[in-house]
Amino acid sequence: MTRLHAAGVAAVIVAAVCGFALLAAAQAPAPTAPPAPATVSVPALPAMEETSAPGLKLTIQSASGGDPDVRASRLVALRVPAESAPSPFVAPGAFKATWQGFLTLRIKGDYHFSALGNGTLKVTLNDATALELTGGDFANKIGPLVKLKKGKNPIKVEYASPPTGDASVRLHWSAKEFVPETVPPSVFSHDGADAALRGQGRLRHGRELVANLRCTKCHTSDAAAGGTAMRELSADAPSLLDAGQRYGQAWLARWISNPHAMRPDTEMPNVFNAPAGAVDPRARDIAAYLVESSTKPQAAAGEEQTSPNLVTEGARLFTGLGCVACHVLPDNEKPTEVATKRVLLEHVNAKFLPGALKAFLLKPEQHYAWIRMPNFKLADGEAAALAAFLRSRPAPAIEAEPAGDARRGLELFQTAGCINCHASKVENHFKAAPLDALLATSDWTRGCVAGEPAARGKAPDFALGDAPRAAIRALAASRFESIKRDTSAEFAERQVAQLNCLACHSRDRQDDSWSQLTAEAESILQPLPPAEVNHDSPFMGDQSRPPLTWTGEKLRPQWAADFIGGTLKYKPRPWLQARMPAFPARAKLLAQGLAQAHGNPPASPAHAKADPALAPLGQKLVGKAGGFSCVQCHAVGEQKALAPFEAPAINFAHVSERLNKEYYERWVYNPQRVQPGTRMPQFADIELRTAIKDPLNGDAKQQFEAIWNYLLAGQKIEPPQ
C-alpha cells in the first residue's frame, strides 16, 4: 500500500492553480507579440566542499556545439533512439557524451574492458587507454589488459553517437575470475560538489517542480503540449466528479483551506492564503458545493465492516505487504528513520466516508490515473481488513465546520482555478497568462514564487522554500526550453524516486527501507494473537524482494510493462508474501526508460528460435539424473519444484519471456556477482567448466546455451524425465 497519501492529492481541490499565477495579472490575456524577455535574477548556488557521490559525472553536448548538459549517471550506459534528444537540455541530433570520475577497487587487479553499442568509444583509466572502438557493433572486441590499483582509479569515457540510427553504449569489464559484465554502479564515484553538476541539478529540480505542481495547466505553453515534452506534463489530476461521495465535508474544508497544515509536503497549494487553524469560509463554501453536487455517498455500496479478527488480518497485511515501508500509523510517536520518505496516515478516518476507504484500496487509480498510490490487486476481504485496521488506530478528529454556501462555492470553484486541473462538469471561468507572457513580463520574484507574503499577493501559496524557488527561477531564466524535451531514462529515474520504489527494493549501495523496519512491524503485530499455522500457504523460503540494480538490463521491457502495469496473469514469485503493486499509467514508459538507462532498446527483439539439437540437451541438464538438479528449486510449467523450501525460484516456463539473454548468461555463470547473497549456486568454475561431463563435455558455455534453448519453449516447456 505505497502512498495512501496520494489520495489526499486525489481530493485536493485547487491544485489547478498550480501554475505560477502572478497576482491578479495572471488573469491577463497573452499579448500577440511578446515584448523582450524580462530579466530573471537567479540566486548563486551556496558554496559546497568536495564530496564523494555515487555514479559518474556525465556531460552531453551536441556535436554541432552549444551549451552542454551535465548530470550524474549510475552507469556508463545510454540509449538514444534515432531523432530523439540525448538530454532534455540538448537538441536531437549527433552528440558526444563523456563520463568522468573514479573507479574504486578494494584490491588491485587486472581487467579487460569491452562494450556493447555503436558509434565511437574511448576509455581512459589512470591516463592510459583501456579501450578504443569505432563502428556499428562494439560486440566481441576487447581492449588490452589493464592494471587497476587499490582505491581510486580516475576514469574517463568518451563516446560519440553514430551518424545514423539509434545510439547505444554500455561499458563492460572482465577478469580471470569472471566473464564480461556491465561495470557495476557500486564502483563509480564523482565529486558531488561539482559546480556544473549542481547548476544543472537545480534546473532539473525546477523541471520536476513545474511538472508536479502542474504549472502549465494554468499557464499554458506550446512547449508542454508536444509529444516529446516532459512526460509528467501530460499527467492528470484528481477528478472532483462526485468527490462528496468519497470524502468527509469537514476534511474537505480543512484541506482546501490550508493543505500544508495537514500535510507539509503536499503539492496542493494554499489557494486562499489561509493561516493554519481556522478554516477559511471560502474553503467551506467549495466543500459544500462538492458535497451537494455529488450523488448519494458511496456508503450505499456497503459500509466497511469491523471486528477484532478483521483488524488483526489488516495488521498482518499492513506489515506483510509493505504498507509500513511507505506509511506511518497515526499513533506511532517515534517512527523509524529510513532513507525513503514515509507518509503519516493521520487523517484517514476523517478523510474517507464509510465505504470509501475500502473502495479506494481496491482501485486507487479510479479517480486519478497518475496517482502515486499503486494498486495492490487486493481481494475484497483484504481491502476490508486493511480498512478496518486503519480505522482502528487512534487518530486526531476533525471537528465539523459550519455549513458553507454551496452556490457561492460553485462560483469560487469556477473562478479559483480548480477546473484547470481537475475534471468537472461545470464551466471554467479562470484564465491565467500563458507561460510565454509571464516570461516576457515577470522577473519571477512575485506571485507564486515569491518569498514573502507581500510579494505573493493573492497568488496561491505552494509553501516553497528557498531552494525550490531558486530552481524555478533558474528554469525561467533558461526560458523553459528543457520542458520541450525529455528522455525515457530520466523519466524512469524520476519515477523510481516519486513512486518510492526503494521503500521495498534495494538498488546499488542503498538498502530498501522495508528491511530496516522489522522492529516497527513487530511492534504492530506484538499485541495480536499468534498467527495460525497455515500448512497450505504458498509463502516460504527467502522473503527478500529482488534488487533493482540490474532491472533495465535484466527484464524485457514488454514483459516489465505488463508486470508494472498489473496485467500479468501470474505472480512470478508466488513464494513471496509481498506482491508487486501496479502503476498502470506509468508502466510502459517506466519499463522503456529502465531499459534505455542500461543501453537497451525500448522493446527487446524477439529471441532466436530454439536449436532443435540443443534444446533436448538443455532439458536433460536441468534434471536430477545427470544434470544440475535445477528442478529442485524451479517449477517447470505445471510440474512443481521438487524441494524448494529454502530457495524457491522462478518457474522455467516464464524465464525466456522475462529475461534478456545477455542477462541470463551473466546470471547463470556467476549468480553471486550479479546478486550477492542469492541462493542460486554457481555451476561453472573460472575455467568455464562444470562438474557435468555429459552432455557437451563439461563446457559451461555450451551447456548453458543448451539450457537457454530449452527455456525458449516458454509456456510449452516440458519437464525433464
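Note that this is a predicted model, so its numbers are computed, not measured. (Residues numbered from 1 in each chain as written. Predicted model: local features only at pLDDT ≥ 70, side-chain atom pairs only at ≥ 80, totals over all residues. Heavy atoms only, no water.)

Undergrad: Honestly, the overall build of the protein chain in this entry has me stumped. Any pointers?
TA: For the protein chain, the helix and strand inventory stands at 25 helices and 15 strands. Computed over the C-alpha atoms, the radius of gyration of the protein chain is 28 Å, within 12% of the 27 Å expected from 2.2 N^0.38 for a compact globule of 721 residues. C-alpha atoms of the protein chain, sized along the principal axes, occupy 85 × 65 × 45 Å. Going through the 721 residues of the protein chain one by one, you find that 55% of them count as buried. For the protein chain, the proportion of contacts with a sequence separation of at least 24, taken over those separated by at least 6, is 74%. When the accessible surface of the protein chain is summed, it comes to about 31,600 Å², and 54% of that surface belongs to carbon and sulfur atoms. Computed over 78 positive and 71 negative side-chain charges, the separation of the two mean positions in the protein chain equals 2 Å. (Helix = DSSP H or I, 4+ residues; strand = E, 2+ residues; numbered from the N terminus. Rg over C-alpha atoms; globule rule 2.2 N^0.38 Å. Buried < 20%, exposed > 50% of the residue type's maximum accessible area, 1.4 Å probe, protein only. Contact = heavy atoms within 4.5 Å. Areas by Shrake-Rupley, 256 points an atom, 1.4 Å probe, with all protein chains shown as cover. Lys, Arg positive; Asp, Glu negative; His and termini not counted. Charge placed at Lys NZ, Arg CZ, Asp CG, Glu CD.)

Undergrad: What should I look at first to understand the pairing of strand β12 (residues 178–182) in this one?
TA: Across a regular strand the side chains alternate sides, sitting on one face of the sheet and then on the other. Note that strand β11 (residues 167–175) and β12 share three bridges and pair antiparallel. Note that in β12 the partner of H172 across the bridge is T182. Where β11 folds back onto β12 in an antiparallel hairpin, the turn is made up of two residues. (Pairing = 2+ DSSP bridges.)

Undergrad: Would you mind showing me how to read helix α19 (residues 557–565) here?
TA: Given 3.6 residues to a turn, an α-helix orients residues that are three or four positions apart in the same direction. Judged by how many residues are buried, α19 sits mostly within the fold: seven of nine residues are covered. Along α19, the residues classified as buried are P557, W559, A560, A561, F563, I564 and G565. Packed against the buried residues of α19 are α20 (587–597) and α22 (655–658). Downstream of α19 by a residue or two, G566 has a phi angle that is positive, lying close to 80°.

Undergrad: Can you help me understand the packing of aromatic side chains in this one?
TA: Two aromatic rings, taken as a pair, are described by how far apart their centres are and by the angle between their planes. Within this structure, the stated rule accounts for 19 aromatic pairs. Seen in terms of ring centroids, Y111 and F178 are 6.3 Å apart; in terms of plane orientation they differ by 50°. Their pairing is tilted. Of the two residues, Y111 is situated in strand β6 (residues 109–117) and F178 in strand β12; the sequence distance between them amounts to 67 residues. Like F178, Y111 is buried. (Phe/Tyr/Trp six-rings, centres within 6.5 Å; stacked < 30°, edge-to-face > 60°.)

Undergrad: Even after reading the chapter, I still don't get the pattern of salt bridges, so can you show me in this structure?
TA: Opposite charge on two side chains permits them to pair, given that their charged atoms come into close proximity. Summed over all chains, the structure comprises 36 salt bridges. Here D280 ties to R282 by a salt bridge, and the two come within 2.9 Å at their closest N and O atoms. Given the relative accessible area of 29%, R282 is considered partly exposed. Across the pair D486 and R494 runs a salt bridge, and its minimum N-O distance is 2.6 Å. Using a relative accessible area of 8% as the deciding quantity, one classes D486 as buried. Taken together, the salt bridges that share partners define one network made up of R207, R231, E232, D486 and R494. (Salt bridge = Lys/Arg side-chain N within 4 Å of Asp/Glu carboxyl O.)

Undergrad: Looking at this structure, how should I read the nonpolar core?
TA: Taken as a class, soluble globular proteins show a tendency for nonpolar side chains to be buried jointly. F318, L361, F389, L390 and F413 are the most contacted members of the largest nonpolar core, which has 70 residues in total. Residues within four places of F389 in sequence aside, it is in contact with V311, G314, A315, F318, L329 and I524. Grouped together as the second largest cluster of nonpolar side chains are 52 residues, L548, W575, L576 and V631 included. (Core = buried A, V, L, I, M, F, W, Y, C linked by side-chain atoms within 4.5 Å.)

Undergrad: It is not clear to me how the side chain of S294 should be interpreted in this structure. Could you clarify?
TA: Along the chain, the position of S294 falls in the loop between α6 (281–292) and α7 (308–320). From its side chain, S294 meets the backbone nitrogen of G244 in a polar contact 2.8 Å long. Filtering out sequence-adjacent residues up to four positions away, S294 remains in contact with D242, A243, G244 and Q245. (Polar contact = N/O pair within 3.5 Å; in protein donor to acceptor, adjacent residues only side chain to side chain.)

Undergrad: Just to check I follow, could you spell out the environment of R316 for this structure?
TA: Within the element layout of this structure, R316 appears in helix α7. Overall, the relative accessible area of 24% leaves R316 in the partly exposed class. Linking R316 and Y710, residues 394 residues apart in sequence, is a C-alpha distance of 40 Å. If sequence neighbours within four positions are ignored, R316 has contacts with L321, L525, L528, P529, P530, A531 and Q577. Looking at R316, its side chain comes within polar contact range of the main-chain oxygen of P529, at 2.5 Å.

Undergrad: Could you clarify how one ought to interpret the state of the cysteines in this entry?
TA: Such a bond, covalent and formed between the sulfur atoms of two cysteines, is termed a disulfide. Per the stated rule, a full pass over the model turns up zero disulfides. With no disulfide of its own, C326 lies 5.8 Å from the sulfur of C504, the closest cysteine sulfur. With no disulfide of its own, C418 lies closest to C218 among cysteine sulfurs, the gap being 9.4 Å. You can call C418 buried: its relative accessible area is 0%. (Disulfide = S-S within 2.5 Å.)

Undergrad: Any chance you could explain the packing of helix α23 (residues 661–669) against helix α25 (residues 700–711) here in plain terms?
TA: Two measures define how a pair of helices packs: the angle their axes make with one another and the distance between the axes. Interhelical geometry of α23 versus α25 gives an angle of 130° and a closest axis separation of 11 Å. Comparing their axes, α25 and α23 come out oblique. The interaxial crossing formed by α23 with α25 has right-handed handedness. The residues of α25 that touch α23, namely those facing K661, Y664, E665, V668 and Y669, are A700, K701, F704, E705, I707, W708 and L711. Here the residues of the contact of α23 with α25 are counted per class, giving eight nonpolar, no polar and four charged. (Axes fitted to C-alpha atoms, helices over the stretch in contact; angles between N-to-C directions. Parallel < 35°, antiparallel > 145°, perpendicular 65-115°, else oblique. Left-handed = near helix turned anticlockwise from the far one by under 90°. Nonpolar A, V, L, I, M, F, W, Y, C, P; charged D, E, K, R; others polar.)

Undergrad: Help me understand unusual backbone geometry, please; the structure alone is not making it clear to me.
TA: Comment: phi is negative for the bulk of residues other than glycine, and the bulk of peptide bonds are trans. With an omega dihedral of 10°, the bond running from D694 to P695 counts as a cis peptide bond. Position of P695 relative to the elements: it lies in the loop between α24 (671–674) and α25. In the Ramachandran plot, N500 falls in the positive-phi region, its phi being about 60° despite a non-glycine side chain. By the element assignment, N500 lies in the loop between α16 (488–498) and α17 (518–525). For N500, a relative accessible area of 6% corresponds to the buried category.

Undergrad: Hey, could you run me through the packing of helix α2 (residues 195–212) against α16 in this one?
TA: Orientation of α2 relative to α16, taken along the N-to-C sense of each, is 70°, at an axis distance of 13 Å. In terms of axis orientation, α2 runs roughly perpendicular to α16. In this structure, the crossing between α2 and α16 has a hand that is right-handed. Residues R204, R207, E208 and N212 of α2 lie in contact with α16, whose contacting residues are E490, R494 and Q498. Considered class by class, the residues forming the contact of α2 with α16 number no nonpolar, two polar and five charged.

Undergrad: Just checking my understanding: could you explain the pairing of strand β13 (residues 188–191) for this structure?
TA: In this structure, strand β1 (residues 52–54) lies alongside β13, joined through three bridges in antiparallel fashion. By the bridge assignment for β13, P54 is matched with S189.

Undergrad: What is the right way to read the environment of Y159 from this model?
TA: Following the sequence through the fold, Y159 ends up in strand β10 (residues 151–160). Y159 sits in the buried class, given a relative accessible area of 2%. Within polar-contact distance, the side chain of Y159 engages the backbone nitrogen of S168 at 3.3 Å.

Geometry only, nothing functional implied.
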